[in-house]
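# Coordinate inspection notes
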Amino acid sequence: MTHDALVAAARGVFEATGAERVDPAYILPSDIPLELSGEAVRARLCVFSDHRGNEMVMRPDLTLPVAGQEAERRAAGGDGAKAYTYAARAFRLPAAENDPMEFTQVGFEWFGKDSSADSDAEAFALVREAVAACDVTPAATEMGDLSIFPAFVDALGLARITTDLLKRAFRQEGGVSDLLAAAPEALADDLQPVLEAPSSKEAEAAFLNVLSERGIPMIGTRSVVEIVAGLRGKAAVHAAGGVPEAARAALSDLAGVNCPAGEAAHVLGAIAGKHGLDRMSSAIERVAKRMDAILAAVPGVATGARFRSGFGRRFTYYDGFVFETFGQNLTSRQPIASGGRYDGLIEGLSRSRAAASGIGGVVRPDRILRAKGETA
Ligand SMILES: N[C@@H](Cc1c[nH]c[nH+]1)C(=O)O
């Protein structure tokens, strides 16, 4: 199959569901993709300045601009369940040397459907149908659920500031282990003005000042806003006595979960039981129901599918079920298909003027070609 034939095959699967075809804005103001991309994608955004000097980004995926349109539509009074589909170009600096900077994603986004284990499974199965239509055999599948960690943290009954800091740390690769590795220490004296600043703007200015006095350039992919929020959070947790030992033990058990997907609910349930976290049961039940529904819809997926508790941070809009499917001849950073749930995104993008559940998925025909050992 050629690249065009793969696009047509995948598109046929998504259009057969009756979803509406869309091709939203190519160019977005940089703040939204910067805020909603995980560190791995943020470092790969194609950024430029427009004629007024505003920082803009070529869309790194289709979920963001499609959800942006939907947020506008709902904020203007639109409602109901909506399904969209696209076969469209997206832009990212390459994840591996042989990845293109501009590529096609064929996918769909559903808004306002009920958020349930069954609709999670339905979305996953639809992506797998598109993969099958491309005549490629998946080599492996990874799954995760970004609602599990916050649910564990809530069940621990910690101080609000500690809860917030842990949830924020979870969004960053290695963030939780950094936090749990050692009790948070008091911050260096020269950072006191950052902590004492009356507003976050002044705290950010104070932080930049410390960097320039220490002669440290501002590099890396974390924004000043995030760094300052992290520093202030850490200091507050330190003042509150750090993360209690029992919570550390529960969270480090959770962080280690990496098991066959079919065993995930059992493994999570055992950890919750061991640490006396009864309030976890509904989140874990959903993992169990979802897996049953996936196994029923996609026979054979059980072999080679894994569940990892830390999986799924390429975009920070994800807040529930997430998955990636892999093929041959590609690295672990190059899924041929991926997707997930983002029930909070419409509310965030519309600044709380609207709310709707969301879930979607894509296939990458260029990578499928490579997985099949063919060239474009
Ligand atoms: N936009 C995601 C895939 C996705 C679509 N909908 C939900 N997730 C990506 O590019 O990886």
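Predicted, not measured: the structure shown is a model, and the values here were computed from it.

### Points about the pattern of salt bridges
- Enumeration according to the criterion identifies 26 salt bridges in this entry.
- When the shortest N-O distance is used, the salt bridge between Glu70 and Arg73 registers 3.0 Å. Of this pair, Glu70 and Arg73 both sit in helix 4 (residues 63-75), separated by three residues, roughly a single helical turn.
- Arg341 is paired through a salt bridge with Asp120; the nearest N and O atoms lie 2.6 Å apart. Of the two residues, Arg341 is situated in strand 11 (residues 337-341) and Asp120 in helix 5 (residues 117-133); the sequence distance between them amounts to 221 residues.
- Given the relative accessible area of 2%, Arg341 is considered buried.
- Judged by relative accessible area, which is 0%, Asp120 ranks as buried.

### Description of the packing of helix 12 (residues 245-255) against helix 13 (residues 264-274)
- At a closest axis distance of 10 Å, the pairing of helix 12 and helix 13 adopts a crossing angle of 170°. Taken together, the axes of helix 12 and helix 13 lie roughly antiparallel to each other. Mapping the contact onto sequence places Ala250, Asp253 and Leu254 in helix 12 and Leu268, Ile271 and Lys274 in helix 13.
- The residue inventory of the contact of helix 12 with helix 13, partitioned by class, reads four nonpolar, no polar and two charged.

### A closer look at the site of the ligand
- Close contacts around the ligand come from 17 residues, with Asp61, Thr63, Arg92, Gln105 and Tyr318 the closest.
- With respect to the ligand, the side chain of Glu109 contributes an N or O atom lying 2.9 Å from a nitrogen atom.
- Take Tyr317: an N or O atom from its side chain is 3.1 Å from a nitrogen atom of the ligand.
- Expressed as a share of its isolated accessible area of 300 Å², the protein-covered part of the ligand is 99%.
- Looking at the shell around the ligand, the elements that each hand over two or more residues are strand 6 (102-111), strand 11 and strand 12 (358-363).
- A class-by-class count of the residues in the shell around the ligand yields six nonpolar, seven polar and four charged.

### Here we look at the sheet that holds strand 2 (residues 27-29)
- Spatially, the three strands line up as an open sheet ordered 2-4-3, and their pairing is antiparallel. The sheet terminates laterally at strand 2 and strand 3 (47-49), the two strands that pair on one side only. Averaged over neighbouring strand pairs, the angle between their axes works out to 40° when direction is ignored.

### Re the sheet that holds strand 10 (residues 321-326)
- The strand order 1-5-6-12-11-10-7-9-8 describes an open sheet built from nine strands, whose pairing is mixed. Edge strands, defined here as strands with exactly one partner in the open sheet, are strand 1 (20-21) and strand 8 (258-260).
- In the sheet, strand 10 pairs with strand 11 via four bridges, with the strands oriented antiparallel. Bridged to Val322 within strand 11 is Gly340.
- Contacts between helix 4 and the sheet are confined to strand 5 (82-91) and strand 6, with strand 5 contributing the most and set at about 140° to the helix.
- The sheet strands contacting helix 5 are strand 6, strand 7 (140-145), strand 10, strand 11 and strand 12, and the helix crosses strand 12 at an angle near 15°.

### Here's the deal with helix 6 (residues 148-155)
- Those residues of helix 6 that fall on the buried side of the exposure criterion are Ile148, Phe149, Phe152, Val153 and Ala155. Projected down its long axis, helix 6 shows its buried positions confined to an angular sector of 165°, all on one face.
- After helix 6 finishes, the residue Gly157 shows a positive phi value of roughly 65°.

Conventions we followed
Residues numbered from 1 in each chain as written. Predicted model: local features only at pLDDT ≥ 70, side-chain atom pairs only at ≥ 80, totals over all residues. Heavy atoms only, no water. Salt bridge = Lys/Arg side-chain N within 4 Å of Asp/Glu carboxyl O. Helix = DSSP H or I, 4+ residues; strand = E, 2+ residues; numbered from the N terminus. Buried < 20%, exposed > 50% of the residue type's maximum accessible area, 1.4 Å probe, protein only. Axes fitted to C-alpha atoms, helices over the stretch in contact; angles between N-to-C directions. Parallel < 35°, antiparallel > 145°, perpendicular 65-115°, else oblique. Contact = heavy atoms within 4.5 Å. Nonpolar A, V, L, I, M, F, W, Y, C, P; charged D, E, K, R; others polar. Near = heavy atom within 4 Å. Polar contact = N/O pair within 3.5 Å; in protein donor to acceptor, adjacent residues only side chain to side chain. Areas by Shrake-Rupley, 256 points an atom, 1.4 Å probe, with all protein chains shown as cover. Pairing = 2+ DSSP bridges. Arc of directions from axis to C-beta.

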